[in-house]
Protein chains: 2
Amino acid sequence: MSMTAGKRVGIKQVAEAAGVSASTVSQVYNHKGEASSATREHVLSIGAQLGYRPNVLGQALRSGRSRVIGVVVSYRDSAVWDQTYLPYYRNIIAGAAIEAVEHGYAISAAPSNEHGLTDTFLPLDGVIVVDPIPGDLVVEQCLATGMAIITDGGYETSNSAARLVTVRSDMDKGIPKVLDHLQAESAASVFRPALFVGPRLDSYTVDTIRAYKKWCEVAGFEAAVTTPEPSQSPLDAARTLLARGIRAVTAVHCLNETYCAAIFEAAAELGISIPDELQVSVAGNAAAMGAERRAVYLNLDPVETGARCARALISLLEGNDVTDIVEEVTLVPASQVVG
Amino acid sequence: MSMTAGKRVGIKQVAEAAGVSASTVSQVYNHKGEASSATREHVLSIGAQLGYRPNVLGQALRSGRSRVIGVVVSYRDSAVWDQTYLPYYRNIIAGAAIEAVEHGYAISAAPSNEHGLTDTFLPLDGVIVVDPIPGDLVVEQCLATGMAIITDGGYETSNSAARLVTVRSDMDKGIPKVLDHLQAESAASVFRPALFVGPRLDSYTVDTIRAYKKWCEVAGFEAAVTTPEPSQSPLDAARTLLARGIRAVTAVHCLNETYCAAIFEAAAELGISIPDELQVSVAGNAAAMGAERRAVYLNLDPVETGARCARALISLLEGNDVTDIVEEVTLVPASQVVG
DNA sequence: TTGAAAGCGCTAACAT
DNA sequence: ATGTTAGCGCTTTCAA
């Protein structure tokens, strides 16, 4: 155990007990193999005997690597934050924390505001930025300092020296999957799928819209993308969308749980029955709180995503080449409980 | 931003620019008020100008405080771990991480095994131990080193010097609440409430059993506590319990989601209808994945609990007196969706 | 009120 | 192959 309290055994104690110098001990513990195997064994056995654990703080200070990675929690704006982003971040954080510890890293949630990353007390070896927008302030700041970055969501940069890896869900496959499913299950005489997204143009949204439009084009349907006007609530936008009538809109795919909830509420108000008169699908965690059993889920597992991001970042920090990651998304039909 | 990469400005740069010594700068930034307000202002303004942020690693090394707190993830044993503990821990971790960062602390998930805490790489200022059992190895280890500890769940120690604070749910109030509710809703001619718990005698289980027995005694019912035999699965135990018949058992309170799921499965097998023939209640997160709408929930919010634990620990670390915390639990009736 | 010096635990040049 | 020296950024006596 490397605890703080109590008199811990340090490199010096081991050095003394083993009758060697501190640097030899250090050398044995790190650059495995420049010491004679005799001393090596000896030092190691003494170390084990004394219960020596290198103090990471010392290592960190000396090497400039803190073994702490940040998970950037973007600027929070009210309702949407609480409903969707906060739960999502929590899961990302938890997944990243559990993965990180396996590799000897700790997690620091790193809040950001309109000025970018706010004070993160511990120096960060790298960061995970969730859902950046193009030219994201936090990403650009980190890029500028040469920090290693993982984005959960696509990100374009011209910075060729960047240590930046993206992790994103494969909407190019997922969206057709869910639209095909909706069409196959559709009871309407004419299938009319709409897309309901938010105003924030992060890559997730952009990818979703692109895939939707492409599917419509290929399948010969007219694309209908609805976005709340500035200052319009998701619920209002949903009302407007559904007011077109159940012949104009027979199915809606929602960007996330927030928009899905708005659709359900608007449908209830208008006396539209789901899924009989209106099919609803949503990208989100089918196993999450208040998951809507009447909706089709394009299942996202944020805990796993968090773990994946942490793994990628750590791999990057260890000096490996890491390529962008595209996550598969699975389809969970309506009324199906997820184990 | 206190990032690692790039040439950060340190105490020396500030000292030089301000024309004072490093120790004066340090003094200004820490023991607010031993420098003349003139120098103070000056140093602060130069510091701000240069964007100086104390390097926590340096501080930590010198002061022996790492500003990292551990969340101990207990020994994981297979199925129960995945179903109940892992989700619970995740939420605790996320809640603790978000709370911690507000106070300048990072979180390290700290895995433990049968030998206690395994290597946690960063030195910990304190730990949060979830659901310790009496004489818990991890708790005792930490106690021995004088580390600050928060237990999520009651814990008894004779160590008077201990910096140990417990955070627990108020089962003494919660259990009567849920049993009263079940009794009031009961359709059976004779109300017969059973309790279904696990073999692990952590304080949460013990508290639950105690409160249940007391309620039965006061209300004049016979107490019936069911625990899986060693090597018996929860499902098997549930089968045995329900096999007694719907007149012998009209209601079951389950310790957690694992036991609740077992009851539901066994009931389905036996053709017992819930809640008509059998009332089921469970202590857990009513807003969680796969929450059972037919069950009555004694609602636990692990994210909030995690935050509370972190807050208590940090307060302890800052040298405050912190008293044990008892969390209220609320009742969520069956078939009610939680916002 | 301020500064000089020592050192937290460790690693990396450099010397031997 | 091993030891010596210096110093990462900071705090903390202790002296001025």
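Look up a bit, the structure's there.
Residues numbered from 1 in each chain as written. Chains lettered and ligands numbered in written order. Predicted model: local features only at pLDDT ≥ 70, side-chain atom pairs only at ≥ 80, totals over all residues. Heavy atoms only, no water.

S.K.: Residues and numbers for the pattern of salt bridges, please.
M.R.: Tallying each qualifying case throughout the model produces 26 salt bridges over all chains. Among the ionic pairs, Arg239 of chain B bridges to Glu269 of chain B, the shortest N-O distance being 2.7 Å. Remark: Glu269 of chain B occurs in helix H10 (residues 257-270) and Arg239 of chain B occurs in helix H9 (residues 234-242); sequence separation between them is 30 residues. With relative accessibility at 42%, the residue Glu269 of chain B sits in the partly exposed group. Three or more residues joined by partner-sharing salt bridges are found here, namely Glu99, Glu304, Arg308, Arg311 and Glu327 of chain A. (Salt bridge = Lys/Arg side-chain N within 4 Å of Asp/Glu carboxyl O. Helix = DSSP H or I, 4+ residues; strand = E, 2+ residues; numbered from the N terminus. Buried < 20%, exposed > 50% of the residue type's maximum accessible area, 1.4 Å probe, protein only.)

S.K.: Outline the sheet that holds strand S8 (residues 225-226) of chain A, supporting the account with residue identities and numerical values.
M.R.: Residues and elements named next belong to chain A. Strand order in this open sheet of 6 strands is S8-S7-S9-S10-S11-S13, and the pairing throughout is mixed. Two strands lie at the open edges of the sheet, namely S8 and strand S13 (330-332), each paired on one side alone. The pairing of strand S7 (residues 193-196) with strand S9 (residues 251-254) spans 4 bridges and is classified as parallel. Counted as the bridge partner of Leu195 is His253 from S9. Sitting on the sheet, helix H8 (residues 203-219) touches S7, S8, S9 and strand S10 (279-284), and the angle it makes with S7 is about 170°. Relative to S10, helix H10 (residues 257-270) is tilted by about 160°, and along the sheet it contacts S7, S9 and S10. (Pairing = 2+ DSSP bridges. Contact = heavy atoms within 4.5 Å. Axes fitted to C-alpha atoms, helices over the stretch in contact; angles between N-to-C directions.)

S.K.: So what's going on with the protein's contact with DNA strand C? Residues and values would help.
M.R.: By nearness alone, 24 residues border DNA strand C, and Ile11, Asn55 and Arg62 of chain A together with Thr24 and Arg62 of chain B come closest of all. Counting only the atoms of DNA strand C that lie within 4 Å of the protein, the sugar and phosphate share comes to 65%. Ser21 of chain B is positioned such that a nitrogen or oxygen atom in its backbone is 3.0 Å from a phosphate oxygen of DNA strand C. Between Ser36 of chain B and DNA strand C, the recorded distance is 2.7 Å, taken from a backbone N or O atom to a phosphate oxygen. Those elements giving two or more residues to the surface near DNA strand C turn out to be helix H1 (11-18), helix H2 (22-29) and helix H4 (56-63) of chain A together with helix H2 (22-29) and helix H4 (56-63) of chain B. Considering each element in turn, the surface near DNA strand C owes the most residues, 4 residues, to H4 of chain A. Taken together, the residues that form the surface near DNA strand C break down as 7 nonpolar, 13 polar and 4 charged. (Near = heavy atom within 4 Å. Polar contact = N/O pair within 3.5 Å; in protein donor to acceptor, adjacent residues only side chain to side chain. Nonpolar A, V, L, I, M, F, W, Y, C, P; charged D, E, K, R; others polar.)

S.K.: Tell me about the protein's contact with DNA strand D, residues and numbers included.
M.R.: Taken together, 25 residues are adjacent to DNA strand D, and Ser23, Thr24 and Thr39 of chain A together with Ile11 and Arg62 of chain B come closest. Counted by atom, the contact set of DNA strand D within 4 Å of the protein is 63% sugar and phosphate. The backbone of Gly58 of chain B places a nitrogen or oxygen atom 3.3 Å from a base nitrogen of DNA strand D. Here a phosphate oxygen of DNA strand D and a side-chain polar atom of Gln59 of chain B are 3.0 Å apart. Those elements that place two or more of their residues in the surface near DNA strand D are H2 and H4 of chain A together with helix H1 (11-18), H2 and H4 of chain B. For the surface near DNA strand D, the element with the most residues is H4 of chain B, which contributes 3 residues. Among the residues making up the surface near DNA strand D, the classes are represented as 6 nonpolar, 14 polar and 5 charged.

S.K.: I'd like a rundown of the nonpolar core, residues and numbers included.
M.R.: Side chains of a nonpolar character, in soluble globular proteins, are inclined to be buried together. With 52 residues, the main nonpolar core has Ile150 of chain A together with Ile150 of chain B as its most contacted residues. Each residue touching Ile150 of chain A, except ones within four places of it in the same chain, is listed here: Val127, Ile128, Val129, Val165, Val167, Cys309, Ala312, Leu313 and Leu316 of chain A. (Core = buried A, V, L, I, M, F, W, Y, C linked by side-chain atoms within 4.5 Å.)

S.K.: How would you explain the environment of His103 of chain B if you had to name every residue and give the values?
M.R.: Residues and elements named next belong to chain B. Mapped onto the elements of the fold, His103 is located in the loop between helix H5 (78-102) and strand S2 (106-113). Sequence separation between His103 and Ala310 is 207 residues; the distance between their C-alpha atoms is 9.5 Å. A polar atom in the side chain of His103 sits 3.0 Å from the side chain of Glu99.

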